[in-house]
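# Examining the three-dimensional arrangement
The lines below spell out each chain.
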Amino acid sequence: MTLWLTRIVPDTRSREARRDLNDPIGTHRRIMSLFPSEAGPDPRARFGVLFRTEDTPTGPHLLVQSTHEPDTSRLPDDYGTTLTRPLDTLIDAIRPGLTIRYRCAASPVRKPGATTRALYNLPPVVPLTGTAADEWWLRQADNSGIKPLTHHSHPLDAIRGQRRPTDAPSQNIRHARTQFDGTAAIIDTDLLRKAVLNGIGRGKAYGCGLLSIAPARQTP
C-alpha cells in the first residue's frame, strides 16, 4: 500500500479557496471531493485521509496524506497549485534508533470518568492545554513508538464549525488544538507506522492528528 502526501497551496485570490480556509468543515468536504465517491459510511477512514493547515511565510498550505492518490484535477481551476508524491521511501527508512523530526497538530483531551463528570458537571471530554497537553503528547509519543529528545508546543486556534448531517439536527464542532514539534528516537517501527497511517487523537476529519516525520536533518 502506497502512502501519498499532497501539498495544496491555495490561491487567496480564489473565492472558493478563501472560503474553505475559513471553514474547517468546508475544507474537509473539499479534500474528500478529491477521492472516489460511494466509498462507504466513512470514506475518510477508507482512504486514510489526514490533513493539516500549515502557516508559511507565503501563506497557508494544506498538507493531505492518504492511502489513495487524490485526483487534484477536481479542484476548481483557480483554486491553487498542487504537488503529490509517494511516501514509500520515507516509510521504508523507518528503523529503530533513527532520529527523526516530528510535527503534529492534535486535539489533546481527557475523558473524565462517569462519577467525576456527574460530580463536577463536566463534558464527556475536557480539552487540555499547557503542561497537561504536553503530558498528553508524551503519552501519545510513547504509544506511537518514539521517544522525544526535544519538545516544543504551542496552542493553535480551535477548530469551530457547524456540521449538518443529512436528516439530523446540526451539530456544533469544536476541537482545541496544540501543535507539537521536536526530535525523537524511533523505538518501535510498527507502532510508528501505525501512528503515521492512522493519525493521533480526535478531530481527524477537521485537520487534527496528522503526524509528519522526517530524518532529523530535514524539516517535517
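Here the structure is shown first, and the text comes after it.
Since this is a predicted model, take the numbers as computed values, not measurements.

### Side note on the overall build of the protein
The helix and strand inventory of the protein stands at seven helices and ten strands. For the protein, buried positions account for 45% of its 220 residues. Look at the contacts in the protein between residues 6 or more apart in sequence, and 71% of them connect residues 24 or more apart. Working note: accessible area of the protein is about 12,200 Å², and carbon and sulfur atoms make up 48% of it.

### Side note on helix 2 (residues 24–32)
Burial of helix 2 is extensive: eight of the nine residues sit out of reach of the surface. For helix 2, the capping residue at the N-terminal end is Asp23, with a side-chain oxygen 3.1 Å from the backbone nitrogen of Ile25.

### With respect to the packing of aromatic side chains
Inspection of the entire model under this criterion finds four aromatic pairs. Ring geometry for Trp137 and Phe180: centres 5.0 Å apart, planes at 10°, overall stacked. Of this pair, Trp137 sits in helix 6 (residues 130–143) while Phe180 sits in strand 9 (residues 171–186), and the two are 43 residues apart along the sequence. Ring pairing ties together the aromatic residues Tyr102, Trp136, Trp137 and Phe180, which thus form one cluster.

### Some remarks on the nonpolar core
The biggest cluster of nonpolar side chains holds 28 residues, and the ones touching the most others in it are Ile100, Trp137, Leu192, Leu211 and Ile213. Counting residues per element, the ones that place at least two in this core are strand 5 (99–106), helix 6, strand 9, helix 7 (189–198) and strand 10 (211–215). Once you skip the residues sitting within four places of it in the chain, Trp137 turns out to touch Tyr102, Cys104, His151, Phe180, Ile200 and Leu211. If you look at the next biggest cluster of nonpolar residues, it comprises 14 residues, including Ile8, Ala17, Phe35 and Val64.

### Structural notes on the state of the cysteines
All chains considered together, the criterion is met by zero disulfides. Between Cys104, a cysteine without a disulfide, and Cys208, which holds the nearest cysteine sulfur, the sulfur-to-sulfur distance is 8.5 Å. The class for Cys208 is buried, based on a relative accessible area of 0%.

### Considerations on the sheet that holds strand 2 (residues 50–56)
Hydrogen bonds between backbone atoms are what pair the strands of a sheet, whose relative direction is either parallel or antiparallel. Overall, antiparallel pairing links the four strands, which are arranged 2-3-1-4 in an open sheet. In the strand order of this sheet, the two ends are held by strand 2 and strand 4 (80–86), each with one partner. Here the strands of the sheet are splayed against their neighbours by 20° on average, with no regard to which way each runs. Relative to strand 3 (residues 59–66), strand 1 (residues 4–10) runs antiparallel, the two being bridged by five bridges. Looking at strand 3, one finds that Leu5 is bridged to Gln65.

### Examining the environment of Ala158
Structurally, Ala158 can be placed in strand 8 (residues 146–163). Distance from Ala158 to His175, taken between C-alpha atoms, is 5.5 Å for residues 17 residues apart in sequence. Apart from the residues lying within four places of it in its own chain, the contact partners of Ala158 are Arg174, His175 and Ala176.

### Overview of helix 7
Buried residues of helix 7: Thr189, Leu192, Ala195 and Val196, and no others. One face of helix 7 carries all of its buried residues, which in axial projection span an arc of 125°. Relative to its buried face, helix 7 has exposed residues pointing more than 90 degrees away, namely Asp190 and Lys194. Of the residues that open helix 7, the one with a side-chain oxygen 3.0 Å from the backbone nitrogen of Asp190 is Asp188. Positive backbone phi, at 80°, marks Gly199, one or two positions downstream of helix 7.

Each value, and the rule that gives it
- Residues numbered from 1 in each chain as written.
- Predicted model: local features only at pLDDT ≥ 70, side-chain atom pairs only at ≥ 80, totals over all residues.
- Heavy atoms only, no water.
- Helix = DSSP H or I, 4+ residues; strand = E, 2+ residues; numbered from the N terminus.
- Buried < 20%, exposed > 50% of the residue type's maximum accessible area, 1.4 Å probe, protein only.
- Contact = heavy atoms within 4.5 Å.
- Areas by Shrake-Rupley, 256 points an atom, 1.4 Å probe, with all protein chains shown as cover.
- Polar contact = N/O pair within 3.5 Å; in protein donor to acceptor, adjacent residues only side chain to side chain.
- Phe/Tyr/Trp six-rings, centres within 6.5 Å; stacked < 30°, edge-to-face > 60°.
- Core = buried A, V, L, I, M, F, W, Y, C linked by side-chain atoms within 4.5 Å.
- Disulfide = S-S within 2.5 Å.
- Pairing = 2+ DSSP bridges.
- Axes fitted to C-alpha atoms, helices over the stretch in contact; angles between N-to-C directions.
- Arc of directions from axis to C-beta.

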